[in-house]
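Descriptive analysis of the structure
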Amino acid sequence: MALEVVQWVFIAILLVLPLLYELNGTFKYYAKIFLYYTSVQLVAVAVILCSLWRPGDVENYRYVATFVNELRKLFGIDIEVRGREHLKGSEACIIVANHQTSLDFFGMMAIWPDRCVALAKKELRYMFSFGLAAILTGTIFIDRLNREKALSTMEETAAGIRNKKVKVFIFPEGTRNHDGGVLPFKKGAFHLAVQAQVPVIPVVFSSYNDFYNKREKRFDTGKLTITCLPPVSTEGMKQTDVAALTEHVREQILEIFNQSSAEVRQPKFTNGLR
């Protein structure tokens, strides 16, 4: 008798969950967030298995890009990339992008160039399979709470950029921004670019509000526009030029963010009807 009750409860759950998913936006939001983070950890396991034979090699990021681009299809996120040619060169550079949510992972991997590595806070290396995958792909971890260690990491990274001709992907806002717009930039990425004497390539992710909003508990399908801007040279610049460089790049990103986000929000017309 007890077994039959358990079976009926299980059947009821299976019948109710799809209804909740379709009829309750909040339930749908949390269900998709759970699926997203679970899927990312599973992708990380696959990346670990593929990367074991050459641990720490930045070329392992190609596995991340392949798996994540397939995962994005499951969530119905379409991406339009503009200016991709600016990322195709073989020269070293610093790539900086605005940071909205963890869903930026989709955008990053949609444009991920060859010989590119991410700069991330050290806490991420302890995130289960994701952290181990990050280690095996050569991710550069920085201790934001320890200035001396952070500066040491930046110096080593600058030398590595020059010697190995790698690209480094950084979110200069330093934290996620769920409120739209672009937060003030921290100067670390730009100090690094000037120190290594490599160009800065600004990348702009349009607003996710068309399909994702954390405060409203909304996570639907939608479109993201990514704009890769021309490189900003740092040749001949000194550390005293960093503040101006930082603000110049931020202004570029903010302008394109507003433009591309407005385009995404445009009402869609079909056969002349709204």
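Read on for an overview of the structure.

About the thresholds
Residues numbered from 1 in each chain as written. Predicted model: local features only at pLDDT ≥ 70, side-chain atom pairs only at ≥ 80, totals over all residues. Heavy atoms only, no water. Helix = DSSP H or I, 4+ residues; strand = E, 2+ residues; numbered from the N terminus. Buried < 20%, exposed > 50% of the residue type's maximum accessible area, 1.4 Å probe, protein only. Salt bridge = Lys/Arg side-chain N within 4 Å of Asp/Glu carboxyl O. Patch = residues over 30% accessible without salt bridge, like charges linked within 9 Å, V, L, I, M, F, W, Y side chains within 5 Å. Areas by Shrake-Rupley, 256 points an atom, 1.4 Å probe, with all protein chains shown as cover. Lys, Arg positive; Asp, Glu negative; His and termini not counted. Charge placed at Lys NZ, Arg CZ, Asp CG, Glu CD. Contact = heavy atoms within 4.5 Å. Phe/Tyr/Trp six-rings, centres within 6.5 Å; stacked < 30°, edge-to-face > 60°. Pairing = 2+ DSSP bridges. Axes fitted to C-alpha atoms, helices over the stretch in contact; angles between N-to-C directions.

**Concerning the overall build of the protein**
- Helix and strand counts for the protein come out as 8 helices and 9 strands.
- Buried positions account for 45% of the 274 residues belonging to the protein.

**Thoughts on the pattern of salt bridges**
- In this structure the tally under the stated criterion is 10 salt bridges.
- Taking the shortest distance from any N to any O, the salt bridge between Lys28 and Asp220 comes out at 3.5 Å. Here Lys28 is found in helix H2 (residues 25–51), whereas its partner Asp220 is found in the loop between strand E8 (218–219) and strand E9 (222–228), with 192 residues between them in sequence.
- A relative accessible area of 22% places Lys28 in the partly exposed class.
- Where Lys73 meets Glu70, a salt bridge forms, and the shortest distance between an N and an O atom there is 3.2 Å. Placement of both Lys73 and Glu70 in helix H3 (residues 61–75) is noted, with a separation of 3 residues, approximately one turn of the helix.
- Using a relative accessible area of 58% as the deciding quantity, one classes Lys73 as exposed.

**Some words on a positive patch on the surface**
- Together, Lys121, Arg144, Arg176, Lys186 and Lys214 make up a region of like positive charge exposed at the surface.
- The residue Lys121 is located in strand E3 (residues 116–121) in this model.

**A short note on unusual backbone geometry**
- The backbone of Arg115 shows a phi angle near 50°, a positive value even though the residue is not glycine.
- Looking at where Arg115 falls in the secondary structure, it is placed in the loop between helix H4 (104–111) and E3.
- Here the phi dihedral of Lys165 falls at roughly 55°; this positive angle occurs in a residue that is not glycine.
- With respect to the helices and strands, Lys165 occurs in the loop between helix H6 (147–164) and strand E5 (167–170).

**Notes on helix H5 (residues 128–136)**
- Buried within H5 we find Ser129, Gly131, Ala133, Ala134 and Leu136.
- The secondary structure elements touched by the buried residues of H5 are H2 and strand E4 (140–142).
- Positive phi appears at Gly138, one or two residues downstream of H5, with a value of about 85°.

**Some points on the packing of aromatic side chains**
- Following the criterion strictly, the structure yields 14 aromatic pairs and no others.
- The interplanar angle of 90° and the centroid separation of 5.4 Å between the aromatic rings of Tyr212 and Phe219 together place this pair among those described as edge-to-face. Neither residue differs from the other here; Tyr212 and Phe219 are each classed as buried.
- An aromatic cluster of three or more residues is present, and its members are Tyr29, Tyr30, Tyr36, Tyr37, Phe75, Phe106, Tyr212 and Phe219.

**Observations concerning a nonpolar patch on the surface**
- Nonpolar side chains collect at one region of the surface, where Val45, Leu49 and Leu52 lie side by side and expose about 290 Å² of accessible area between them.
- Here Val45 shows up in helix H2.

**Some details on the sheet that holds E4**
- Spatially, E1-E9-E6-E2-E5-E3-E4 is the arrangement adopted by the 7 strands of the open sheet, whose pairing is mixed. The outermost strands of the open sheet, each flanked by one partner alone, are strand E1 (77–82) and E4. Sheet twist, expressed as the average angle between the axes of neighbouring strands with direction ignored, equals 25°.

So yeah, pure geometry; function would need other evidence.
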